[in-house]
Amino acid sequence: MATLFYRLGRASFRHRRLTLVVWVVLLVSFGLGAAKLSGPTSDALSLPGSESWRAMDVLGEKFGTGTTASVKVVFTVPGDATLTGPDEQAAVRATVAELRRLPQVATVDDPYETQTIAPDGRTGYADVSYAVDDHEVTAESRAALLAAGDTARRAGIGVEYSGDVVTEAEEGAAAEAFGLLVAAVVLLITFGSLTAAGLPLLTALIGVAVGLLGIGIASGFLDLTSNTSALATMLGLAVGIDYALFVISRYRHELAADRDATEHPGRDAAEAAGRAVGTAGSAVVFAGLTVVIALTALAVVRIPFLTAMGIAAAGTVAVAVLISLTLLPALLGFAGRRVLPRAQRRRPTGSRIPFGERWARGVVRHRVPALILSVVAAGVAAIPALDLTLALPDAGTAAPESTQRKAYDQLAAGFGAGVNGPLIVVVETAPGAAMAAAEQARRYVAGLDDVVAVTPAAANPTGDTAILQVVPAHGPTSEDTKQLVRAIRAHQPDLGAATGGAALSVTGRAAIDLDVSKQIDDALLPYLAVVVGLAFVLLMLVFRSVLVPIKAAAGFLLSVAASFGALVFVFQQGHFADLLGIAATGPVVSFIPIFLVGILFGLAMDYEMFLVTRAREEYVHGAAPDDAVVAGMRHSARVVTAAALIMVSVFAGFILAEDSVVKSLGFALAFGVAVDALLVRMTIVPAVLSLLGRSAWWLPRWLDRVLPNVDVEGGRLTRRLASAGADGAHLDRRGEQFPDVVGQR
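Conventions used here
Residues numbered from 1 in each chain as written. Predicted model: local features only at pLDDT ≥ 70, side-chain atom pairs only at ≥ 80, totals over all residues. Heavy atoms only, no water. Helix = DSSP H or I, 4+ residues; strand = E, 2+ residues; numbered from the N terminus. Rg over C-alpha atoms; globule rule 2.2 N^0.38 Å. Buried < 20%, exposed > 50% of the residue type's maximum accessible area, 1.4 Å probe, protein only. Contact = heavy atoms within 4.5 Å. Areas by Shrake-Rupley, 256 points an atom, 1.4 Å probe, with all protein chains shown as cover. Lys, Arg positive; Asp, Glu negative; His and termini not counted. Charge placed at Lys NZ, Arg CZ, Asp CG, Glu CD. Expected span 1.5 Å × (residues − 1). Salt bridge = Lys/Arg side-chain N within 4 Å of Asp/Glu carboxyl O. Pairing = 2+ DSSP bridges. Axes fitted to C-alpha atoms, helices over the stretch in contact; angles between N-to-C directions. Phe/Tyr/Trp six-rings, centres within 6.5 Å; stacked < 30°, edge-to-face > 60°. Nonpolar A, V, L, I, M, F, W, Y, C, P; charged D, E, K, R; others polar. Arc of directions from axis to C-beta.

Draft legend 1. Local environment of the overall build of the protein. When its secondary structure is counted, the protein shows 26 helices and 13 strands. The C-alpha radius of gyration of the protein comes to 30 Å, within 12% of the 27 Å expected for a compact globule of 745 residues. Referenced to the eigenvectors of the C-alpha coordinate spread, the extents of the protein come out at roughly 95 × 50 × 45 Å. Here the protein holds 745 residues, and the buried ones make up 55% of them. Summarising the internal contacts of the protein: among those between residues at least 6 apart in sequence, 79% fall at separations of at least 24. Roughly 30,400 Å² of accessible area belongs to the protein as shown, and the carbon and sulfur atoms make up 61% of that amount. Across the protein, the centroid of the 59 positively charged side chains sits 15 Å from that of the 66 negatively charged ones.

Draft legend 2. Fine view of helix 16 (residues 403-415). End to end, helix 16 covers 18 Å across 13 residues, agreeing with the expected 18 Å (1.5 Å per residue, within 8%). Of all the positions in helix 16, only Thr403, Gln404, Arg405, Ala407, Tyr408, Leu411 and Gly414 are classed as buried. If you follow the buried residues of helix 16, they end up packed against strand 1 (68-76), strand 3 (123-133) and strand 4 (158-162). Among the residues trailing helix 16, glycine 416 stands out with phi positive, at a value near 100°.

Draft legend 3. Quick peek at the pattern of salt bridges. Tallied over the full model, the rule gives 21 salt bridges. Between aspartate 464 and lysine 62 there is a salt bridge, and its shortest N-O distance comes to 3.1 Å. You can see aspartate 464 sitting in the loop between strand 8 (458-459) and strand 9 (465-472) and its partner lysine 62 sitting in helix 3 (residues 51-63), a full 402 residues away along the chain. The class of aspartate 464 is buried, set by a relative accessible area of 13%. Across the salt bridge formed by arginine 442 and glutamate 439, the nearest N and O atoms sit 3.2 Å from each other.

Draft legend 4. The arrangement of the environment of alanine 197 in detail. Following the sequence through the fold, alanine 197 ends up in helix 8 (residues 194-218). The exposure class assigned to alanine 197 is buried, which follows from its relative accessible area of 5%. With ten residues separating them along the chain, alanine 197 and leucine 187 place their C-alpha atoms 4.8 Å apart. With residues up to four places along the chain from it excluded, the contact list for alanine 197 reads Leu187, Leu188 and Phe191.

Draft legend 5. Quick look at the sheet that holds strand 4. A sheet is described by the order of its strands in space; here four strands give the open sequence 2-3-1-4, paired in antiparallel fashion. Strands with a single pairing partner mark the edges of an open sheet, and in this sheet they are strand 2 (105-108) and strand 4. Recorded for the sheet is a direction-independent mean angle of 25° between the axes of neighbouring strands. As judged from the three bridges shared by strand 2 and strand 3, these two strands associate in the antiparallel manner. From the neighbouring strand, threonine 107 faces strand 3, where its bridge partner is serine 129. Most of the contacts of helix 4 (residues 86-100) go to strand 2, to which it runs at about 155°, and overall it touches strand 1, strand 2 and strand 3. Lying on the sheet, helix 5 (residues 139-148) is in contact with strand 1, strand 3 and strand 4; it crosses strand 4 at an angle near 150°.

Draft legend 6. A look at the packing of aromatic side chains. Under the defined criterion, the tally for this structure stands at nine aromatic pairs. Note on phenylalanine 571 and phenylalanine 667: the rings are 5.5 Å apart at their centroids and 55° apart in plane angle, and the pair reads as tilted. A residue pair is termed long-range when its members are at least 10 positions apart, and phenylalanine 571 in helix 21 (residues 547-572) and phenylalanine 667 in helix 24 (residues 660-692) qualify at 96 residues. With a centroid separation of 6.4 Å and 25° between ring planes, the pair formed by phenylalanine 667 and phenylalanine 671 is classed as stacked.

Draft legend 7. Fine view of the side chain of serine 559. Considering the arrangement of structural elements, one finds serine 559 in helix 21. According to the relative accessible area criterion, serine 559 is buried, its value standing at 1%.

Draft legend 8. Structural view of unusual backbone geometry. Unlike most non-glycine residues, glutamine 104 shows phi in positive territory, near 75°. Relative to the helices and strands, glutamine 104 is located in the loop between helix 4 and strand 2.

Draft legend 9. How the structure looks around the packing of helix 15 (residues 367-382) against helix 21. One way to put it is that helix 15 packs onto helix 21 with a least axis distance of 6 Å and a crossing angle of 35°. Where helix 15 approaches helix 21, its residues Val375, Ala378, Ala381 and Ala382 are matched on the opposing element by Leu558, Ala561, Ala562, Gly565 and Ala566. Residue composition of the contact of helix 15 with helix 21, by class: eight nonpolar, one polar and no charged.

Draft legend 10. Seen up close, helix 3. Relative to the 18 Å expected for 13 residues at 1.5 Å per residue, helix 3 spans 18 Å between its end C-alpha atoms, a close match to the ideal helical length. Of all the residues in helix 3, the buried ones are Ser52, Ala55, Val58 and Leu59. With its buried residues spanning 110° around the axis, helix 3 presents them on a single face. Glycine 64 lies just past helix 3 and shows a positive phi near 75°.

Draft legend 11. The arrangement of the pairing of strand 9 in detail. Across the eight residues of strand 9, six count as buried, placing the element largely inside the fold. For strand 6 (residues 423-428) and strand 9, the ladder comprises six bridges, and the chain directions are antiparallel. In the sheet register, leucine 423 faces strand 9, and the bridge partner there is valine 470. Bridging between strand 7 (residues 451-454) and strand 9 involves three bridges; their strand directions are antiparallel. Note on strand 9: the bridge partner recorded for valine 451 is proline 472. Between strand 8 and strand 9, which pair antiparallel in sequence order, lie five residues; one of them, glycine 463, sits at a positive phi of approximately 70°.

What follows is the structure, given as structure tokens:
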């Protein structure tokens, strides 16, 4: 495989103008496709097969309540005034009349007719239903909705809005800019060359652009959430910069070897590019493959939007890999030796011992204490994860100054927390029997703890389906409300027996929370089995070892546990929330943990691949086990550290986002990558490899014969190139040698 990538890298370098044209045409084609084919995003949650989703389907089929947009307009009065006063009533009714005239609005409830005025008379709300879905509400309609409240405001009445219609798309430019700025500084310090520092940023931005345009095209055919682009940008920037960093670092190493060595005086920049892509590029391919596997395996969860987000992000990672193998070598051809610092272009590198080597020698010398201290540190960071609580995001976790959060708090103060998450009980029977069965269900539900009110049953025209609305005493994310859902669902057998087969189901925010959590819990072990199993096979192929993949998986578990702990510590328990600009804390978003597991696993295997591949390369070339570890760290530690800092900065930049999902995922990934790269891979990995010695590379003979040799470390490539002689010959597509064209630019 290294030979294949060697030829690809060399060909891209030599035919750099053609390669560049191909990528420009590809980018333009994707741009035109996105302009013509892109569609709107949708944050609607779907859980096919779950009770709550089936109940939603029944509501749509029997009562015609689909997924059209809706908003609650919340009215409040200050001081001793009430909404029942004549002036206040006139102002509210005038606002309702204006709301009914708005474009795309279907119906508006009058709070005085629907009795949605709080007992103290100071809070009320009007339900606004649209004739279109959330993503079809135009900017003009949204602006008109917000302006309609001015009539009541002029009368001294406060007006706030609750609903997805008023949720504006956030700007992510600040997040990306922060990450790119830090990445540029780290790259400049690492390479000491503006050209070398700029290439990873350029290729990463091109990769993200292609990925986002591809997502735009896909949105015309698939239901994608608004967070899909943010996740793809986050991962695309991080891995795009890192993969380019590793290839450029190896390219510079090969150029330096060309100046320092006398046995290959004819090796030129094209040869260095081929060798860099053949070795570091092979590691990039397998590292990218682990990330792609981890993301696409989210399909195991069977939640459509998670699957779509995973595949979209995986596509962006795949583009980053392709760019590292083709466009990057072509750009290196244009840059030439300008990727080296000025001093290094004129003379060989010095003999100063790199920090990575000094660190590795210290870890190997004190391997047992280093291993114990590192494991204990990760374990301590993981302790808060024992209190992990999951829920779906709602307006209660929005920024305190947002209109959604104000409306949420005002409704909770006036009507009780349960009004923000009512439950819908659906009763299905034979035609004509729904009302009687629903009345039995209503009496049972009304007698349960934590129930504030149950509305009278309402049946469809054929009388085979009836619904009840249940207002809990607590909010939708409360464990008390979830327990209420379980209690209502537990009544299904009794109701069926008493009514001759009536079916009861529950939906609503808390019910959906329960179903999402159950679906994720049920899928977690199969997901881990798929991801870890496939990655284990890949790592065995790469390292020709059984123990190294086991060690890699164990290190990942430490990293993800520490990341969960930090996430709970900050976003759930609220520590350092003000420092990080987190306006509201609460339960962790339900699907964040499984996303975190998948992404962190892929990224953890990246660093495992880059560090251990270089150590194995030294071992295969004859170094003793400890010497191989030290040599691998000498060549890789600086680059891996820089890559980790870049990835951490890119992820940390998304903490600046307003969206709670993006913010928490960015923080968790930044912390997890820092722990994995700097603690697990830079400390625990060399300590464990040193403890294992030669057995780290042990593979049963029968398995060695069965597994194909992918030659990621480039041992076979090195032997072929060495046998090509000292005259600068290189390999053609058949693996044969022919003279190099020296000096071609």
